[in-house]
Amino acid sequence: MARIVMKFGGTSMAGMERIRNVAARIKHVVGQGNEVAVVVSAMAGETDRLVGFAKEASPLYDPAEYDAVVASGEQVTSGLLAMTLKAMGVDARSWLGWQLPIRTVGAHNKARISTIDTTELLKAMSAGQVAVIPGFQGVMDTGRISTLGRGGSDTSAVAVAAAVKADRCDIYTDVNGVYTTDPRIVRRARKLSMVTYEEMLELASVGSKVLQTRSVELAMKEKVRVQVLSSLDDPTQEELPGTLIVSDEEMEAQIAKDSGMERQLITGIAADKNEAKITITRVPDRPGAVASIFGPLAEASINVDMIIQNVGRDKGETDVTFTVPGADLARSLDILEKQKESIGFNRLINDPKVAKVSVVGVGMKSHAGVAATMFKALADRGINVMAVATSEIKVSVLIDEDETELAVRVLHSAYALDAAEGA
Ligand code: ADP
Ligand code: ASP
Ligand code: MG
């Protein structure tokens, strides 16, 4: 017997037929003698619809009311799933975030889970009752409902798994694992049977939305065993081959055991279209100039990602280019425009139609030439690189958004990641 947390995403919960399939999977896992808690997302598209209403009600909406609205999608699916399970003869009940409670801190709309009271949860689970928990939500100290940021149900699931010391956290989604890149972009993407926390963290943070970045961070910190698998397969199948997220030691041990397996240089390719580029021209080239640009943005909690400062202008001036999340572009421009005098720049240019494409791999730590391969492959296809950022295990480039899919495909082939035809 094991204690298992099962999470089902939006596509898996989209409509009663899918919910019945999810319930059948849960029944199967309970039937194997496991203690189960379930975390669910809203039906696919529902959170977008609710966000749309909130924005229509008031473009500068109150974040606490936004949370009251958007958290409702998960409330619906948790109730529906508990009902469906009961109708199938499986004891179940829903536990909303405030009922457990799942306590959160930080700001509304992007709250962080601080603690989960497991008293009721463990009581229910050990009595054989399936606890169905809406993902993405918690409660603030003020008593108000909060949400965790888009894609946050993954984090809810990992946090519940850590709190109840689950043997496993199974993330069921609409693909059967983590691939070398988004299989919807590259048909010949290869499924990874194992990926390390570090690699998954990097992939998620540069745009592989199969797992929310924070869920991977938490899993790594709390040593939660996470598996990504498909909810669309036959629910009574014994073993669903998915992707296991493992420690570096486990990966090394597996490689040592399996002589045919090689440590990959590149784990995968990810793309993120939610970036916007800002260029500030003719900034005085003197100490403190850069601080006067990024200080006010940091104060407004705007995350600046890639930065390049061009030298070479005459008269001690320079251009500074950087990226911010697309959603923060308007606010960033407003802040910078207000600082025009103190920064002392000439023009503010922006481009929301850019994308960041990244190559990720722990193996690249010890290999030179990864970036060179990337630049050559992109250049051969006429894809212009506007900015570059590197870390020990990642190289990212900023390109025109329209070229995203092409760039991902080209790089996937350039690093020989394509699966054999027909595989
Ligand atoms: P859920 O609603 O189950 O949380 P998401 O839509 O958030 O599902 O995440 C699953 C999607 O992530 C897949 O449909 C796929 O298009 C996308 N994805 C992006 N990168 C990858 C990758 N490397 N491996 C698998 N899926 C990926
Ligand atoms: N329903 C939320 C969203 O769409 C949370 C999630 O699905 O993980 O962002
Ligand atoms: Mg998701």
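Residues numbered from 1 in each chain as written. Chains lettered and ligands numbered in written order. Predicted model: local features only at pLDDT ≥ 70, side-chain atom pairs only at ≥ 80, totals over all residues. Heavy atoms only, no water.

Engineer: Please give an account of the site of ligand 2 that cites residues and values.
Structural biologist: By nearness alone, every residue bordering ligand 2 is listed as Ser41, Thr47, Glu74, Phe136, Arg150, Gly151, Gly152 and Ser153. At 2.7 Å from a nitrogen atom of ligand 2 is found a side-chain nitrogen or oxygen belonging to Glu74. Within the backbone of Ser153, a nitrogen or oxygen atom sits 3.0 Å from an oxygen atom of ligand 2. For ligand 2, whose unbound accessible area comes to 260 Å², protein coverage reaches 86%. The class makeup of the residues in the shell around ligand 2 is one nonpolar, five polar and two charged. (Near = heavy atom within 4 Å. Polar contact = N/O pair within 3.5 Å; in protein donor to acceptor, adjacent residues only side chain to side chain. Areas by Shrake-Rupley, 256 points an atom, 1.4 Å probe, with all protein chains shown as cover. Nonpolar A, V, L, I, M, F, W, Y, C, P; charged D, E, K, R; others polar.)

Engineer: Now, about helix H11 (residues 329-338): what can you tell me, with residues and values included?
Structural biologist: Listed as buried for H11 are Leu329, Ser332, Leu333, Ile335 and Leu336. One face of H11 carries all of its buried residues, which in axial projection span an arc of 165°. H11 presents Ala330 and Lys338 as exposed residues on the side facing more than 90 degrees away from its buried surface. Those residues of H11 that are buried lie in contact with strand S13 (268-284), helix H10 (289-299), strand S15 (317-325), helix H12 (340-343) and strand S16 (348-360). (Buried < 20%, exposed > 50% of the residue type's maximum accessible area, 1.4 Å probe, protein only. Helix = DSSP H or I, 4+ residues; strand = E, 2+ residues; numbered from the N terminus. Arc of directions from axis to C-beta. Contact = heavy atoms within 4.5 Å.)

Engineer: Any details on the packing of aromatic side chains? Residues and values, ideally.
Structural biologist: Throughout the structure, instances matching the rule amount to three aromatic pairs. Taking the centre distance of 4.7 Å and the plane angle of 15° together, the rings of Phe8 and Tyr172 count as stacked. With Phe8 in strand S1 (residues 3-8) and Tyr172 in strand S9 (residues 168-173), this pair connects stretches of sequence that are 164 residues apart. Ring centres 4.9 Å apart and planes at 80° place the aromatic pair Phe294 and Phe322 in the edge-to-face group. Here Phe294 is found in helix H10, whereas its partner Phe322 is found in strand S15, with 28 residues between them in sequence. The lysine or arginine in question, Arg93, covers the ring of Trp95, its NZ or CZ lying 3.5 Å from the ring centre. (Phe/Tyr/Trp six-rings, centres within 6.5 Å; stacked < 30°, edge-to-face > 60°. Lys NZ or Arg CZ within 6 Å of the ring centre and 35° of its normal.)

Engineer: Quick one: what's the story with the pattern of salt bridges, residue by residue and with numbers?
Structural biologist: The tally for this structure, following the rule as stated, stands at 20 salt bridges. Of the charged contacts in the structure, one is a salt bridge between Arg144 and Glu65, with a shortest N-O distance of 2.9 Å. Of this pair, Arg144 sits in the loop between strand S7 (137-139) and strand S8 (145-147) while Glu65 sits in helix H3 (residues 63-70), and the two are 79 residues apart along the sequence. What makes Arg144 partly exposed here is its relative accessible area of 35%. In this structure, Lys273 engages Glu405 in a salt bridge whose closest nitrogen and oxygen atoms are separated by 2.9 Å. Here Glu405 lies in helix H14 (residues 404-414) and Lys273 lies in strand S13, a separation of 132 residues in the sequence. Classification of Lys273 by relative accessible area gives partly exposed; the value is 37%. Using a relative accessible area of 26% as the deciding quantity, one classes Glu405 as partly exposed. Several salt bridges share partner residues, and in doing so they unite Glu275, Asp305 and Lys356 into one network. (Salt bridge = Lys/Arg side-chain N within 4 Å of Asp/Glu carboxyl O.)

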